[in-house]
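These are the residues of each chain, in order.
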Amino acid sequence: MTPGFPIPPLPSGRARDFPPGELNTDIANAIDYIFQVADQLQRPAVVNLSLGDHYNAHDGSDPLSSFIDQESGPGKIVCCAAGNEGNVDIHAETIVQENQQVCIRFLIPASIDSSSSEWRAELNGWYASSDNIEVAVQSPEGSRTHFQSISDNGYSNKTHHISGAQVQIIMYGPENTDNGEHSFNIEITHDPNSVSITTGNTGTWRLLLNGVAIKHGKVNIWSGETTKGFDVVFTGYGVQDLIKIGSPGAAARAITVGSYTARLSWQDVEKNWQKVGLDLNTVSEFSSPGPLRNGMMKPDVVAPGAMIVSALSSASTCSSMMQVDQFHKVMAGTSMATPFITGLVALLLEKEPQLTPEEIKQRLHSSSFIPGEPVGSFDPKWGFGLINAEKLLIE
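Residues numbered from 1 in each chain as written. Predicted model: local features only at pLDDT ≥ 70, side-chain atom pairs only at ≥ 80, totals over all residues. Heavy atoms only, no water.

Chemist: Can you help me understand the overall build of the protein chain in this one?
Modeler: Across its full length, the protein chain holds 5 helices and 22 strands. Expressed as a percentage of its 395 residues, the buried residues of the protein chain come to 49%. Restricting to contacts in the protein chain with at least 6 residues of sequence separation, those with at least 24 account for 72%. Surface summary for the protein chain: the accessible area is close to 18,100 Å², and the carbon and sulfur share equals 50%. (Helix = DSSP H or I, 4+ residues; strand = E, 2+ residues; numbered from the N terminus. Buried < 20%, exposed > 50% of the residue type's maximum accessible area, 1.4 Å probe, protein only. Contact = heavy atoms within 4.5 Å. Areas by Shrake-Rupley, 256 points an atom, 1.4 Å probe, with all protein chains shown as cover.)

Chemist: Sorry, what's going on with the sheet that holds strand β20 (residues 328–331) here?
Modeler: Where strands meet in a sheet, backbone hydrogen bonds hold them as pairs that are either parallel or antiparallel. Taken in spatial order, the 3 strands of this open sheet run β18-β20-β19, and their pairing is antiparallel. Sheet topology places β18 (308–311) and β19 (323–325) at the edges, where each strand pairs with a single neighbour. Mean inter-strand twist for the sheet, computed between neighbouring axes without regard to direction, equals 35°. The pairing of β19 with β20 spans 2 bridges and is classified as antiparallel. Paired with aspartate 325 across the two strands is histidine 328, which belongs to β20. (Pairing = 2+ DSSP bridges. Axes fitted to C-alpha atoms, helices over the stretch in contact; angles between N-to-C directions.)

Chemist: Would you mind showing me how to read the packing of helix α1 (residues 25–41) against helix α2 (residues 63–71) here?
Modeler: Relative orientation and spacing of two packed helices are given, respectively, by the angle between their axes and the distance between those axes. Between α1 and α2, the shortest axis-to-axis distance is 10 Å and the interhelical angle comes to 10°. As the angle between them shows, α1 and α2 are arranged roughly parallel. Seen from α1, the contacting residues are Ile27, Ala28, Ile31, Asp32 and Phe35; seen from α2, they are Leu64, Phe67, Ile68 and Glu71. Broken down by class, the residue content of the contact of α1 with α2 amounts to 7 nonpolar, no polar and 2 charged. (Parallel < 35°, antiparallel > 145°, perpendicular 65-115°, else oblique. Nonpolar A, V, L, I, M, F, W, Y, C, P; charged D, E, K, R; others polar.)

Chemist: Can you help me understand the packing of helix α3 (residues 334–351) against helix α4 (residues 357–366) in this one?
Modeler: For the pair α3 and α4, the least separation of the axes is 12 Å and the interaxial angle reads 115°. Crossing hand, α3 versus α4: right-handed. Within the contact between the two elements, α3 uses Ile341, Val345, Leu348 and Leu349 and α4 uses Ile360, Arg363 and Leu364. Its residues placed into classes, the contact of α3 with α4 shows 6 nonpolar, no polar and 1 charged. (Left-handed = near helix turned anticlockwise from the far one by under 90°.)

Chemist: What is the right way to read the pattern of salt bridges from this model?
Modeler: Following the criterion strictly, the structure yields 10 salt bridges and no others. Notably, a salt bridge pairs arginine 120 with glutamate 122, separated by 2.3 Å at the nearest N-O pair. One salt-bridge network, in which partners are shared between bridges, spans Asp59, Glu181 and Arg293. (Salt bridge = Lys/Arg side-chain N within 4 Å of Asp/Glu carboxyl O.)

Chemist: What is the right way to look at the sheet that holds strand β4 (residues 101–108) in this model?
Modeler: Taking strand neighbours across the sheet as the criterion, the 4 strands line up as β6-β10-β4-β12 in an open arrangement whose pairing is antiparallel. Only two strands of the sheet have a single partner each, and these edge strands are β6 (132–138) and β12 (233–235). This sheet shows a mean twist of 30° between the axes of neighbouring strands, independent of strand direction. Judged from the 7 bridges that link them, β6 and strand β10 (residues 203–213) form a sheet pairing that is antiparallel. Note that in β10 the partner of valine 135 across the bridge is leucine 209.

Chemist: Looking at this structure, I do not really get α4. What am I missing?
Modeler: For an α-helix, 3.6 residues make a turn, and residues three or four places apart therefore share a direction. Of the residues making up α4, those classed as buried are Pro357, Ile360, Lys361, Leu364 and His365. Down the axis of α4, the buried side of the element spans an arc of 135°, and every buried residue falls inside it. (Arc of directions from axis to C-beta.)

Chemist: Before we go on, may I ask you to explain the packing of aromatic side chains in this structure?
Modeler: How two aromatic rings sit relative to each other is given by the distance of their centres and the angle of their planes. Applying the stated rule across the entire model yields 5 aromatic pairs. With a centroid separation of 6.4 Å and an interplanar angle of 40°, the aromatic rings of tyrosine 127 and phenylalanine 184 are classed as tilted. Of this pair, tyrosine 127 sits in strand β5 (residues 121–127) while phenylalanine 184 sits in strand β9 (residues 182–190), and the two are 57 residues apart along the sequence. In terms of burial, tyrosine 127 and phenylalanine 184 fall into one category: buried. (Phe/Tyr/Trp six-rings, centres within 6.5 Å; stacked < 30°, edge-to-face > 60°.)

Chemist: Any chance you could explain the environment of proline 380 here in plain terms?
Modeler: Within the element layout of this structure, proline 380 appears in the loop between β21 (368–369) and β22 (386–387). Among the residues examined, proline 380 registers a relative accessible area of 23% and is labelled partly exposed. With 89 residues separating them in the primary sequence, proline 380 and proline 291 have C-alpha atoms 5.6 Å apart. If sequence neighbours within four positions are ignored, proline 380 has contacts with Leu242, Pro289, Gly290, Pro291, Lys298 and Pro299.

Chemist: What am I meant to see in the nonpolar core here?
Modeler: Considering soluble globular proteins, one finds that nonpolar side chains tend to be buried as a cluster. One finds Phe106, Phe184, Ile186, Ile188 and Leu207 to be the most contacted residues of the largest nonpolar core, which totals 29 residues. Those elements that place two or more of their residues in this core are β4, β5, β6, β8 (165–172), β9, β10 and β11 (218–223). Among all residues touching isoleucine 188, those that are not within four sequence positions of it are Phe106, Ile108, Trp119, Arg120, Ala121, Val137, Ala165, Gln166, Val167 and Trp205. Listed in part, the 18 residues of the second largest apolar core include Cys79, Val257, Val345 and Leu364. (Core = buried A, V, L, I, M, F, W, Y, C linked by side-chain atoms within 4.5 Å.)

Chemist: Please clarify how the environment of serine 156 should be interpreted in this entry.
Modeler: Note that serine 156 resides in strand β7 (residues 155–162). Assessed through its relative accessible area of 6%, serine 156 is described here as buried. With near-sequence residues (within four places) excluded, serine 156 lies in contact with Gln148, Ser149, Ile150, Ser151, Ile169, Ile170 and Met171. Here the side chain of serine 156 touches serine 149 through a polar contact of 3.2 Å, landing on its backbone oxygen. (Polar contact = N/O pair within 3.5 Å; in protein donor to acceptor, adjacent residues only side chain to side chain.)

Chemist: Could you clarify how one ought to interpret the state of the cysteines in this entry?
Modeler: On inspection of all chains with the given rule, the structure shows 0 disulfides. Among the cysteines around cysteine 79, which has no disulfide bond, cysteine 80 carries the closest sulfur, lying 7.5 Å off. (Disulfide = S-S within 2.5 Å.)

Chemist: Help me out: how do you make sense of the pairing of β8 in this one?
Modeler: Along a regular strand, successive side chains alternate from one face of the sheet to the other. In this structure, β7 lies alongside β8, joined through 8 bridges in antiparallel fashion. In the sheet register, threonine 159 faces β8, and the bridge partner there is glutamine 168. In this structure, the hairpin formed by β7 and β8 is closed by a connection of 2 residues, where serine 163 is found at a positive phi of approximately 50°. Of the strand pairs in this sheet, β8 and β9 are connected by 8 bridges, and their pairing is antiparallel. If you follow alanine 165 over to β9, its bridge partner there is histidine 190.

Below is the structure:
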């Protein structure tokens, strides 16, 4: 932050409007506003985004990722956090054969209050446009929805009632998705019409996939964030510890950043020493791995993301164990790593204000390294490696 730095108003008083529901309007408007201000000041700009979700195809085709790709260019750069689901089983992948059924298990833990009207479990799946696959859901008690397929108009939305739960299955045909593939969303909530509360809502559920007509067969499914975080996880067959970078980190022109563990211990505000159980001087276990579903190499690089001492807002509260002093706290996450790269990009743009995202990516990749591997090597967790700031800025 630079006190007193002038931020001129836009002629219209705000950024462009975007249709609600078609992309994350607030984020898009914020990016648009920053780039418009930069244009007025005739300066470059780099935007830091420490956010993301998994309700998308994980291939950069979603509206927000596409918007970032469209708006990025010479002197206009967006840096995105990779995500913190590296050690959470939120992704499953399977191959469905024609005239066969596949079962993918997912756990709704007892920690979720399934009797509450606020709880939900969500799954988001994607498969090729050439495949015809039916979807059903089975509860821990053995009750099952009917198999559901996409109607002739490329859309199907049905609500089922099983085991005291309400299961909504929405299926989209290629004409109704951003990448021209098939997609389905499943939302499981407490059935408001259920007279009694059963224990069937929590436990191991089953996603059933039936191959009607298959050319490719691959299906990718992600669990969405619940009211308690990523509590719903896949178990057993199909669990895939890759392709966990969603929107907007999946944007092709965004610089996507993973986390490196550079510190394990610190002295808190009460002068007690604290320590976390991560491995030191390596990529953080929580850092979400790539690549993207279309094979694009993500993340781009990793930077220190654990345990980072950062500014503490006067309006924020935190445990004394995580507080270093009145003004600083300790945190971990790719959201802590991304600002390191954003700052380095700002320094590059200060010298060369018309650098493109592709040129900056090339410099970052060639100035990073994976221990024991030659420069230029890629790893789904490391990306192209840990950034060497001195090499990046001097060479």
